[in-house]
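Commentary on secondary and tertiary structure
As a plain string of letters, each chain reads:
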Amino acid sequence: MMLKVIKLFIFSALLIFAINALAKRPEYVIELKDHLFFPEQLQIPANKKVKLVIYNRDDSVEEFDSFDLNREKVLYPNKKAVIYIGPLPAGTYRFFGEFHPNSAKGSIVIVSSGDNNVN
Amino acid sequence: MLINTVILFLESALPIFIITALLLIRFTGVYNSQQHNSYLAQLQLNSWLYQGGVLSLVMIYILSYNMADITQLLSGMGAEIIFAVLGLLIYLCCAAMFIKELQQSNNDWKEKQYIKQTLALVIIFIVFSLNGTDFNIYLNVLWAQTAQLESLIMGMVLGAGISISIAILLYFILLYFDERISFNISRYILLLFAVGQLNKATSLLEQVDLLPNGRIVWNSQNILSEDSEFGHFFTALLGYEATPSLMQLSLYVISLLVPIILARVLARKNNYQRNNRQNVLLSTTRNEGDL
């Protein structure tokens, strides 16, 4: 009985992983160059999960950090990083580079699109 | 630079000191007053700490050297998946230790100690490796940035001092509670630490869209900021999140309750079986006496 429960749990977990992993998400790009994020402000629609691709064009490590988005990822030199954000309500969500917080900063502005789809 | 280094210690290295304190209690607390009075015996009992520490140094080197490539694996999800799996392993080992200790009896004490030592070795190895890698990467960045080596070293000394002090305080406070109030307090704190690690794993999987990212349930950043000293401490100890999602909250509660319920069910089953065996023994003795 216990074994059946464990198998069911593992199957459900894999199903959830598969459903999320296979879903196509709109993609947005941010670049980090000379310890500055481009674009500094990015607009994405409300209530949608999106894929954020961050390219680090510098030769030093940076960390993409955002308390508002609850996201944190190390950006290695000349490599890209992928994170997913959302679905979020309309508003402004700030992010910054942990190692250069005075220069590497930006915000994601979530705008209401009138589309109420979630995920 | 000084403050940055201290914060780096609190973020990355504090969990290492906390788990060391939590596991040391399991081997030097009220359960282990028998047979281990000598210093050498105590050293042998805590061999999991030295072995785990040494092995993790090797793993830290391997992970730090290859982390840039690891992050590019699996469509950019490599680091998150590996760290999440290791976080899950920490949780499973701590939960197993939690459940096993409740089944402790005097007859198979040696076997239980061996299992506990193995679990402790695995936990220490993974926690040291994960947090040590983070610490090493961040330290290298700070080292490259700074022209003031003195403030970096001072920051490391301060950070180490704060982390060690917290660990020692935690150790003695939990030891006091175990002896005076209940044996189980330190055990539950270890379970909470494990659930915190699982919480981090959940957060990583949400970040790479392997788990659904529901709405944020509350925002307690104004009450207890993750960036504050207490915030760092509770994040390291309990996996505190100022903005938890519904998925994180649900998994947190479930992963806390499942080992507790399982431990109670198994302990009750063990007691029932032990009582049954005693009854059988008694009735056999009585029958022999009658004969």
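Definitions and cut-offs
Residues numbered from 1 in each chain as written. Chains lettered and ligands numbered in written order. Predicted model: local features only at pLDDT ≥ 70, side-chain atom pairs only at ≥ 80, totals over all residues. Heavy atoms only, no water. Helix = DSSP H or I, 4+ residues; strand = E, 2+ residues; numbered from the N terminus. Buried < 20%, exposed > 50% of the residue type's maximum accessible area, 1.4 Å probe, protein only. Contact = heavy atoms within 4.5 Å. Patch = residues over 30% accessible without salt bridge, like charges linked within 9 Å, V, L, I, M, F, W, Y side chains within 5 Å. Areas by Shrake-Rupley, 256 points an atom, 1.4 Å probe, with all protein chains shown as cover. Salt bridge = Lys/Arg side-chain N within 4 Å of Asp/Glu carboxyl O. pLDDT = per-residue confidence, 0-100. Disulfide = S-S within 2.5 Å. Bend = angle between axes of the 7 residues up to and from the residue. Buried area = accessible area lost by both parts, 1.4 Å probe. Pairing = 2+ DSSP bridges. Axes fitted to C-alpha atoms, helices over the stretch in contact; angles between N-to-C directions. Core = buried A, V, L, I, M, F, W, Y, C linked by side-chain atoms within 4.5 Å. Phe/Tyr/Trp six-rings, centres within 6.5 Å; stacked < 30°, edge-to-face > 60°. Lys NZ or Arg CZ within 6 Å of the ring centre and 35° of its normal.

**Details of the overall build of chain A**
Secondary structure summary: chain A contains one helix and nine strands in total. Counting from the amino terminus, helix and strand elements in chain A follow one another as α-β-β-β-β-β-β-β-β-β. Within chain A, buried positions represent 42% of all 119 residues. The long-range fraction of contacts in chain A, counting pairs at least 24 apart against all pairs at least 6 apart in sequence, stands at 59%.

**Points about a nonpolar patch on the surface**
Taken together, the side chains of Val58, Tyr61, Ile62 and Tyr65 of chain B make up a nonpolar region of the molecular surface, amounting to roughly 490 Å² of accessible area. Note on placement: Val58 of chain B falls in helix α3 (residues 47–70).

**Some details on the confidence of the model for chain B**
Residues and elements named next belong to chain B. Confidence in the prediction for chain B averages 85 pLDDT; 88% of positions are at 70 or higher. Between the elements of chain B, mean pLDDT differs from a low of 64, seen in helix α2 (residues 39–45), to a high of 93, seen in helix α8 (residues 185–207). Interface confidence for the predicted complex, expressed as ipTM, amounts to 0.79; the pTM equals 0.85.

**Examining the state of the cysteines**
Residues and elements named next belong to chain B. Using the criterion set out here, one finds zero disulfides over all chains in the structure. We note that Cys93 lacks a disulfide partner, and the nearest cysteine sulfur, in Cys94, lies 7.0 Å from it. By relative accessible area, Cys94 is classed as buried at 1%.

**Quick look at the pattern of salt bridges**
Residue and element names in this part refer to chain B. Inspection of every chain in the model, using the stated rule, returns nine salt bridges over all chains. Between Lys116 and Glu101 there is a salt bridge; the shortest N-O distance is 3.1 Å. Here Glu101 lies in helix α5 (residues 78–102) and Lys116 lies in helix α6 (residues 109–145), a separation of 15 residues in the sequence. Here Lys116 matches Glu101 in class, with each residue buried. Between Glu101 and Arg187 there is a salt bridge whose closest N-O contact spans 3.1 Å. With Glu101 in helix α5 and Arg187 in helix α8, this pair connects stretches of sequence that are 86 residues apart. Accessibility assignment for this pair places Glu101 and Arg187 in one class, buried. Because the salt bridges share partners, they merge into one network encompassing Arg26, Glu101, Lys116 and Arg187.

**As for helix α1 (residues 2–28) of chain B**
Of all the bends found along α1 of chain B, the most pronounced is centred on Ala13 of chain B and spans about 55 degrees, while Pro15 of chain B, a proline, follows it within four residues. Across the 27 residues that make up α1 of chain B, a large majority, 19, are buried.

**Some details on the interface of chain B and chain A**
Counting residues at the interface gives 31 residues for chain B and 32 residues for chain A. Summed over both partners, the interface of chain B with chain A buries about 2700 Å², with 50% contributed by carbon and sulfur atoms. By the criterion of area lost to chain A, the three top residues of chain B are Gln207, Asp209 and Arg215 of chain B, representing 24% of everything that side buries. One can count four salt bridges joining chain B with chain A. For Asp209 of chain B, the salt bridge identified is with Arg25 of chain A, shortest N-O distance 2.8 Å.

**Things to note about the sheet that holds strand β2 (residues 36–38) of chain A**
Residues and elements named next belong to chain A. On the basis of which strands lie adjacent, the open sheet formed by four strands has the order β2-β1-β4-β7 and mixed pairing. Strands at the two margins of the open sheet, each flanked by one partner only, are β2 and β7 (80–85). Strand after strand, the sheet turns through a mean of 25 degrees between neighbouring axes, direction not considered. The sheet contact formed by strand β1 (residues 27–33) and β2 spans three bridges and is antiparallel. Looking at β2, one finds that Lys33 is bridged to Leu36.

**Some points on the confidence of the model for chain A**
For chain A, per-residue confidence averages 84 on the pLDDT scale, and residues scoring 70 or more make up 81% of the total. Contacts for the low-pLDDT stretch residues 115–119 of chain A, under 50 throughout, to residues beyond four places or in other chains number 14 contacts.

**Re the sheet that holds strand β8 (residues 91–97) of chain A**
Across a sheet, strands are paired by hydrogen bonds formed along the backbone, either parallel or antiparallel in direction. Residues and elements named next belong to chain A. Strand order in the open sheet made by the five strands is β3-β9-β8-β5-β6, with mixed pairing throughout. Across the chains shown, the open sheet's two edge strands, defined by having one partner strand only, are β3 (41–45) and β6 (71–75). Neighbouring strand axes in the sheet, compared pairwise and without regard to direction, differ in orientation by 20 degrees on average. Pairing of strand β5 (residues 62–66) with β8, which is carried by two bridges, proceeds in the antiparallel orientation. Paired with Asp65 across the strands is Phe96, a residue of β8.

**Quick look at the nonpolar core**
In this structure, Ile18, Ile19, Leu22, Leu23, Met67 and Ile123 of chain B are the most contacted members of the largest nonpolar core, which totals 60 residues. With 14 residues, α6 of chain B is the single largest residue contributor to this core. Grouped together as the second largest cluster of nonpolar side chains are 21 residues, Ile30, Phe37, Leu69 and Phe95 of chain A included.

**Description of the packing of aromatic side chains**
Taken as a whole and assessed by the stated rule, the structure comprises 13 aromatic pairs over all chains. An angle of 35 degrees between the planes, with centres 5.1 Å apart, marks the rings of Phe27 of chain B and Trp48 of chain B as tilted. Of the two residues, Phe27 of chain B sits in helix α1 while Trp48 of chain B sits in helix α3, which places them 21 residues apart along the sequence. In this structure, Phe27 of chain B and Trp48 of chain B share a single accessibility class: buried. Taken together, the aromatic side chains of Phe37, Phe64 and Phe95 of chain A make up a single cluster linked through ring pairs. Between Lys116 of chain B and the ring centre of Phe27 of chain B, over which it is positioned, the NZ or CZ distance is 5.0 Å.

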